[in-house]
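Take a look at the letters that make up each chain.
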Amino acid sequence: MPPPREIALLTNPTAGKGRGAAARGAALPRLRAAGLAVRDLQGADAAEAADLAAEAVAAGVEALVVVGGDGLVHLAAQVLAGTATPLGVVPAGTGNDVARYLDLPRRDPAAAADHVAAAVLAGRSRAIDLARESRGRCFVTVLCAGFDAVVNERANRMTWPHGQMRYNIATLAELRTFAPLPYVLELDGATRELEAMMVSVGNGPSFGGGLRITEGALLDDGLLDVVVIKPMSKPALVRTYPRLFTGSVSSHPAYEHHRVRRVRVSAPGIVGYADGERFGALPLEIEAVPGALRVLG
């Protein structure tokens, strides 16, 4: 009798205000009941989690399955990029945009685990693109490099309150003083200088729990979707925000959309965020890497 097929299950227990631990508790027995051998991994911090994941992949597990949100997917993508080992996701974060992309159950970890098990047993996976900056770090969803990134920076410096309210307060605080930023964009080698409220670089169509800033972005077209929100008044920016959830922001006159293979984004004093993680100070040069990540289908 052949040995059971082995996967690694990597959990962020603090994801989604503690939902990660509960999701692991629901997913682990379902995966084992399906006949899979499961390496149960949980790092004390991001560095240890990445090391554990890399060791499991090097040992030949058939998939790396993460229990968490887009931040843990981001960590896994650094390990899996360019390998044949596919990524599985049991959503347990706040935003879960990658789970949206893959049409996974986002509120039922047992059902997500069943999906993962079925895909592993059937050998069902597909390749998607990654966005990669020039020093090698990748992201799956969207890079934010404007007002939204400034809000993230302020929120991360705050110790109170917690959760979504912290971001709401940070948004209101930044609105008081924020002014359009001077950008230099290089879009497949063509240089543009402009002012904008924000610039976003999308590998996928949404970030932040369904904010569809790069509406129409595809995961397998070998292209990046670069969106510019041109200067507008602060009240107009607030009024426009709800349109991000429907994707209808793409019809706003301040919205500008480009599809490129490579982009360089420069603006003074801005730190970019990707997959919800602090990604790096601008300037950043980013390219599309076709088919760089396999995901369970």
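K.L.:
Looking at this structure, I do not really get the overall build of the chain. What am I missing?
P.N.:
Of the regular secondary structure elements, the chain holds 8 helices and 16 strands. A globule of 297 residues ought to have a C-alpha radius of gyration of about 19 Å, and the chain, at 19 Å, matches this closely. Along the first, second and third principal axes, the C-alpha atoms of the chain reach 65 × 40 × 30 Å. The proportion of buried residues among the 297 residues of the chain is 53%. Across the chain, contacts joining residues at least 24 apart in sequence account for 70% of those joining residues at least 6 apart. As displayed, the chain offers around 12800 Å² of accessible surface, 53% of which is attributable to carbon and sulfur atoms.

K.L.:
Can you walk me through the environment of Ala21 in this structure?
P.N.:
Relative to the helices and strands, Ala21 resides in helix H1 (residues 15–33). By relative accessible area, Ala21 is classed as partly exposed at 39%. The residues contacting Ala21, other than those within four sequence positions of it, are Asn12 and Pro13.

K.L.:
Looking at this structure, I do not really get the packing of H1 against helix H5 (residues 109–122). What am I missing?
P.N.:
How two helices pack is summed up by the angle between their axes together with the distance between the axes. Put simply, H1 and H5 touch, their axes get as near as 8 Å, and they point 35 degrees apart. Judged by the sense of rotation from one axis to the other, the crossing of H1 with H5 is right-handed. Together, Ala23, Ala26, Ala27, Arg30 and Leu31 of H1 and Pro109, Ala110, Ala113, Asp114, Val116 and Ala117 of H5 make up the contact between the two elements. The residue makeup of the contact of H1 with H5, split by class, is 9 nonpolar, no polar and 2 charged.

K.L.:
I'm lost on the sheet that holds strand E11 (residues 224–229) in this one. Help?
P.N.:
Two orientations exist for strands paired in a sheet by backbone hydrogen bonds: parallel and antiparallel. Within the open sheet, the 6 strands sit side by side as E12-E11-E10-E7-E14-E15. Their pairing is antiparallel. Because the sheet does not close on itself, it has two edges, and the strands there are strand E12 (255–260) and strand E15 (277–281). Neighbour-to-neighbour, the strand axes of the sheet open up by a mean angle of 25 degrees, direction not taken into account. Relative to strand E10 (residues 198–202), strand E7 (residues 142–144) runs antiparallel, the two being bridged by 3 bridges. Residue pairing for E10: Cys144 is matched across the bridge by Ser200. Against the sheet, helix H6 (residues 147–157) engages E7, E10, strand E14 (271–274) and E15, with an angle of about 90 degrees to E14.

K.L.:
What is the right way to read the nonpolar core from this model?
P.N.:
Ranked by size, the top nonpolar core spans 86 residues in total, and within it Leu10, Leu87, Val201, Val263, Val265 and Ile286 carry the most contacts. Residues contacting Val265, with those up to four places away along its chain left out, are Ala145, Tyr183, Val184, Leu185, Val199, Val201, Leu282, Pro283 and Leu284.

K.L.:
Whenever I open this one, the packing of helix H2 (residues 46–58) against helix H3 (residues 70–80) confuses me. Can you help?
P.N.:
With their axes 10 Å apart at the nearest point, H2 and H3 run at an angle of 40 degrees to one another. Here H2 is positioned oblique relative to H3, judged by the angle of their axes. Crossing of H2 over H3 shows right-handed handedness. Where H2 approaches H3, its residues Ala46, Ala49, Ala50, Ala53, Ala54 and Val57 are matched on the opposing element by Leu75, Val79 and Leu80.

K.L.:
Looking at this structure, I do not really get the pairing of E15. What am I missing?
P.N.:
Looking down a regular strand, the side chains alternate between one sheet face and the other. In this sheet, E15 lies alongside E14 in antiparallel orientation, the contact comprising 4 bridges. Residue pairing in the sheet places Tyr273 in a bridge with Arg278 of E15.

K.L.:
What's the story with the environment of Pro283 in this structure? I'm lost.
P.N.:
Assignment of secondary structure puts Pro283 in the loop between E15 and strand E16 (284–296). Beyond its immediate chain neighbours, meaning those up to four positions away, Pro283 contacts Arg264, Val265 and Ser266.

K.L.:
Hey, could you run me through a nonpolar patch on the surface in this one?
P.N.:
Side chains of Trp160, Met165 and Ile169 sit close together on the surface and give an oily, nonpolar patch of about 350 Å² of accessible area. For Trp160, the position within the fold is in the loop between H6 and helix H7 (164–177). With a relative accessible area of 65%, Trp160 lands in the exposed category.

K.L.:
Mind showing me how you'd approach the pattern of salt bridges here?
P.N.:
Any two side chains of opposite charge can pair, given that their charged atoms come close. For the structure shown, the criterion picks out 14 salt bridges. With a closest N to O distance of 3.2 Å, Glu285 and Arg262 form a salt bridge. One end of the pair, Glu285, is in strand E16; the other, Arg262, is in strand E13 (residues 262–266), and 23 residues separate them in sequence. Its salt-bridge partner being Arg262, residue Glu287 comes within 3.0 Å of it at the nearest N-O pair. With Glu287 in strand E16 and Arg262 in strand E13, this residue pair connects regions lying 25 residues apart in the sequence. Residue Glu287 is classed as buried on the basis of its relative accessible area, which comes to 18%.

K.L.:
Which parts of the structure should I look at to understand a negative patch on the surface?
P.N.:
On the surface, Asp45, Glu48, Asp51 and Glu55 cluster together to form a negatively charged patch. Within the fold, Asp45 resides in the loop between strand E2 (37–41) and H2. Overall, Asp45 belongs to the partly exposed group, its relative accessible area being 45%.

So, how was this worked out
Residues numbered from 1 in each chain as written. Predicted model: local features only at pLDDT ≥ 70, side-chain atom pairs only at ≥ 80, totals over all residues. Heavy atoms only, no water. Helix = DSSP H or I, 4+ residues; strand = E, 2+ residues; numbered from the N terminus. Rg over C-alpha atoms; globule rule 2.2 N^0.38 Å. Buried < 20%, exposed > 50% of the residue type's maximum accessible area, 1.4 Å probe, protein only. Contact = heavy atoms within 4.5 Å. Areas by Shrake-Rupley, 256 points an atom, 1.4 Å probe, with all protein chains shown as cover. Axes fitted to C-alpha atoms, helices over the stretch in contact; angles between N-to-C directions. Left-handed = near helix turned anticlockwise from the far one by under 90°. Nonpolar A, V, L, I, M, F, W, Y, C, P; charged D, E, K, R; others polar. Pairing = 2+ DSSP bridges. Core = buried A, V, L, I, M, F, W, Y, C linked by side-chain atoms within 4.5 Å. Parallel < 35°, antiparallel > 145°, perpendicular 65-115°, else oblique. Patch = residues over 30% accessible without salt bridge, like charges linked within 9 Å, V, L, I, M, F, W, Y side chains within 5 Å. Salt bridge = Lys/Arg side-chain N within 4 Å of Asp/Glu carboxyl O. Lys, Arg positive; Asp, Glu negative; His and termini not counted. Charge placed at Lys NZ, Arg CZ, Asp CG, Glu CD.

Read these as layout, nothing more, since geometry by itself doesn't imply function.
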